[in-house]
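Structure at a glance
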Amino acid sequence: MKKQKMYWLIGLLMSMATVENWSAGQAWAIGEDVDAELAAPFQVQYFDLSQVRLLDGPFQRAMEHNSEWLLSLEPDRFLAWFRKEAGLEPKGEVYGGWESQSVAGHSLGHYMSACAMMYAATGEPEYKKRTDYIVDELALVQETNGDGYMSAFPNGRQAMAEVKRGEIRSAGFDLNGIWVPWYTQHKLMAGLSDIYRYTQNPKALAVWKQHADWIESIVGGLTEEQWQKMLDCEHGGMNESFAELYSVTGDERYLTLAQKFYHKRILEPLSRRENSLIGVHANTQVPKAIGAARIYEVTGLEKFHTIANYFWDTVVHHFTYANGGNSAGEYFGRPDILGERMNDTTETCNTYNMLKLTRHLYSWDPQASYMDYYECALLNHILTHQHPDRGGALVYKGFLDMPARKGYSHPTESFWCCVGTGMENHTKYANTIFAYAPETLYVNLFISAELNWSARGITVRQKTELPTGEKTTLTFRCEKPTRLTLKVRQPAWAKTMTLAVKSQPQDIMINTEGYLTLTRTFKDGDIVTLTTPLELHVATLPDRPDRTAFLYGPTLLATVLKDGQKPPSLVSEKAGSILAALKPAGPLRFTSETLAYQVEQGRVKPCSLEMIPLYQIADQPYTVYMDVFTPQQWEQEKEKYAAEQERLKILEAASTDILYLGQMQPERDHNLTSEQSGAGQFMGRKWRDSYEGWFEFDMKVDPDKAMDLICTYWGSDGGQRRFDIMVDGTKIATQILNNNKPGEFFDVTYALPEKLTRGKTKVRVRAQALPGNIAGGMFEARTIRRGMIE
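Residues numbered from 1 in each chain as written. Predicted model: local features only at pLDDT ≥ 70, side-chain atom pairs only at ≥ 80, totals over all residues. Heavy atoms only, no water.

What the chain contains, in helices and strands, is 21 helices and 33 strands. For a compact globule of 790 residues, the expected C-alpha radius of gyration is about 28 Å, and the chain comes in at 27 Å, within 12% of that figure. Summarising its shape, the C-alpha atoms of the chain cover approximately 85 × 70 × 50 Å along the three principal directions. Put simply, the chain has 790 residues, and 61% of those count as buried. Taking the contacts inside the chain whose residues are at least 6 apart along the sequence as the reference set, 72% of them involve residues at least 24 apart. A total accessible area of about 29,700 Å² is found for the chain, and carbon and sulfur atoms account for 48% of it. Averaging the coordinates of the 84 positive side-chain charges in the chain and doing the same for the 97 negative ones gives two points 1 Å apart. (Helix = DSSP H or I, 4+ residues; strand = E, 2+ residues; numbered from the N terminus. Rg over C-alpha atoms; globule rule 2.2 N^0.38 Å. Buried < 20%, exposed > 50% of the residue type's maximum accessible area, 1.4 Å probe, protein only. Contact = heavy atoms within 4.5 Å. Areas by Shrake-Rupley, 256 points an atom, 1.4 Å probe, with all protein chains shown as cover. Lys, Arg positive; Asp, Glu negative; His and termini not counted. Charge placed at Lys NZ, Arg CZ, Asp CG, Glu CD.)

This is the structure in structure tokens:
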């Protein structure tokens, strides 16, 4: 058998979760000619979504809310600019938000995936009807274009023609004037892949291949240097899509392209187990690791295995917060330095992708620790990012800010990246609850669901009280008595776990993988009862062991705040006494009248505390983390703490706008443009500068008040750093950075002439480098009402 054919069969079998003909610990058993060294050693497989149905509980309700929203959306509105760019008349008005900008089209890819998975998860024919229609429309767009091209972003053909000629321009999130075009193409190909997999529509594969061939025609002739320059622009999981297409078709061209989408600056160090993630945009990197995992699975090349494993380990153990999410302001900071970065925390897309990566790693090595992470992130981040009472209202980031308030998307006018991944998040809760190996069933997640293991003639109905109660039951329906090994994950948060069969306790030890293991002949009607005691426990930050989050079993709790209230401080002698002071006040609700202190009008006062699950919080302000002091520390710190909290409160009240420089979304929100400018990170904060160029941005002002502009710099910056600060074309100051305040950040206040702000709601601020100099680095810009801060 030729290797090409072998890989095609491997990929085909991998996409068919019900297939049992495989050998754990080797390659898929597909015939005598399999070379086991050339394929990943899968230890377990996942059941197809069509084999698992969610039962009543918070995850099923979230999926139902998502379903209602997906069915309210109109495919023709997603397709509008695809048709327009092909010269066809749009059949609907394009949606708002990012869909009406140059990243147009990414949401269609997510919608395709979500509808395909929802069809598998529910059997509702309307979802297949919609995916079939979308595929037909995209095929028509390709036919009209004549070369396999299909894109929604304006001027895409012109930009890609330049790329083909090797004329490549990028500042990190744009490629020749188009916002992340390869990122968008990845979403489209992933959507076609999911339609092909979950609805068995062969036309989806044909459209996918034609589009892939067009991409090859664009990038096939690039030099290595041109490739790497192009890959500095965010490109999603293009490596994954081509590896997946190779696994389906066996066409070596697609494997070559998968390996060409290899961003050396990030991936080469990871292949040597070196951390290349400090200061980089977080979600730009996770899909690269997923693609590496997929390449490993179809080639067996150990380099890609190392990349995927080391990436996961680094992110989970050195960049992850209590909700399973990572990043602040969308960027990784320094490893284990999390407490100083509590703004715009834990972008949802990152966790969506980290869960995808976790599934790959677990299938190679089924350790309970992978599923401990998966459970935490699924419950405390993914479930949490949808409004608990409605679909189409999704949170981008900011979950763990101190304080935080969830900012929800509009169902038709937002379509941020985390709205797109959100469409998918709430369709596939069932895909990792169970897994299997020959003669073995794994129970990974305690979510009420029913598994139809048709190949074995077994149905398993899991009903759980978690996360509010301790009991879980597994009821077996068997066509005939079946010998089976049952492996149940003992969660890391549970000190003990017991297992009983037909009410008879079983003396079972936890194995080295972290599972309770029971081997027996299961008969129709057998009931396995699991008891997992729930307790309060804490999670702290590695660089701030006093900054504390609280969990009850797997559930992350949040302290409900009033409007304008800052996070309280907790005063306790030790962690045990903190937990003892929290009293149960209902299901997943805890209160205390003795722990918390609050700053009010510059004075420290005791206050009451109420904690509920983060996933239940909708519109009220809250905080997850709170700082803990011993009584002795509190006496020393409270005056200083109160003064600083009051200063921040006054500053926030005085501010009309704030921009965090160097961060993608804040810069886009403030319409930042630049010339010869770059961005980076230092001490956990992002900055922007420009060598002999400029950067400028919009800032809100009060039309009726005198205003000041405050800019933040690093006090040890020096060298040729002289630049003008200009507002609406008028110079208001010349700034020189020359070791102004060594070793610390400092602020400079610039008075804005009233003639520049009177009657306006915003102004244009520019940092213009003097000849031969650098403008910046600037970390933060803020406009405030003059006179409100001394």
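Bringing the pairing of strand S27 (residues 707–714) into the picture now. The element S27 is largely enclosed, with a buried count of eight among its eight residues. On S27, burial covers both faces: Met707, Leu709, Cys711 and Tyr713 on one face and Asp708, Ile710, Thr712 and Trp714 on the other are all buried. In this structure, S27 lies alongside strand S30 (residues 745–752), joined through eight bridges in antiparallel fashion. For leucine 709, the partnering residue across the bridge sits in S30 and is tyrosine 750. (Pairing = 2+ DSSP bridges.)

Okay, the confidence of the model for the chain next. Averaged over every residue, the pLDDT of the chain is 91; the share at 70 or more is 94%. Per-residue pLDDT stays below 50 along residues 1–38; that stretch engages in 87 contacts with residues further than four places along the chain or on separate chains. (pLDDT = per-residue confidence, 0-100.)

In this section: the sheet that holds strand S33 (residues 780–785). With respect to topology, four strands assemble into an open sheet ordered S24-S33-S27-S30, the strand pairing being antiparallel. The open sheet is flanked by strand S24 (655–660) and S30, the only strands paired with a single partner. Neighbour to neighbour, the strand axes of the sheet diverge by 20 degrees on average, direction disregarded. In this structure, S24 lies alongside S33, joined through five bridges in antiparallel fashion. The residue of S33 that forms the bridge with leucine 659 is alanine 781. (Axes fitted to C-alpha atoms, helices over the stretch in contact; angles between N-to-C directions.)

This part covers empty space enclosed by the protein. Considering all chains together, one arrives at three cavities of 30 Å³ or more under this definition. One number sums up the size of the largest cavity: a volume of about 110 Å³. Contributing to the lining of the largest cavity are Phe59, Glu375, Leu379, Leu445, Phe446, Ile447, Leu466, Pro467 and Pro554. Residue classes in the lining of the largest cavity are distributed as eight nonpolar, no polar and one charged. Approximately 90 Å³ is the volume attributed to the second largest cavity. Lining the second largest cavity, in full, are Trp98, Val103, Trp179, Val180, Tyr183, Glu234, His281, Asn283, Glu347, Cys417 and Met664. (1 Å grid on protein atoms, 1.4 Å probe; cavity = no way out; pocket = protein on both sides within 12 Å on 5 of 7 lines; lining within 4 Å. Points joined across faces, edges and corners; volume = space filled by probe spheres on them. Nonpolar A, V, L, I, M, F, W, Y, C, P; charged D, E, K, R; others polar.)

Moving on: the sheet that holds strand S5 (residues 434–437). Sheet strands line up and pair through hydrogen bonds in the backbone, either parallel or antiparallel. In spatial order, the strands read S1-S5-S6-S10-S13; together these five strands make up an open sheet with mixed pairing. Strands with a single pairing partner mark the edges of an open sheet, and in this sheet they are strand S1 (45–46) and strand S13 (515–522). Note that S1 and S5 share two bridges and pair antiparallel. Looking at the pairing, glutamine 45 lines up with tyrosine 436 of S5. Sheet strands touched by helix H16 (residues 368–382): S1, strand S10 (482–489) and S13. Its angle to S10, the strand with the most contacts, is close to 60 degrees.

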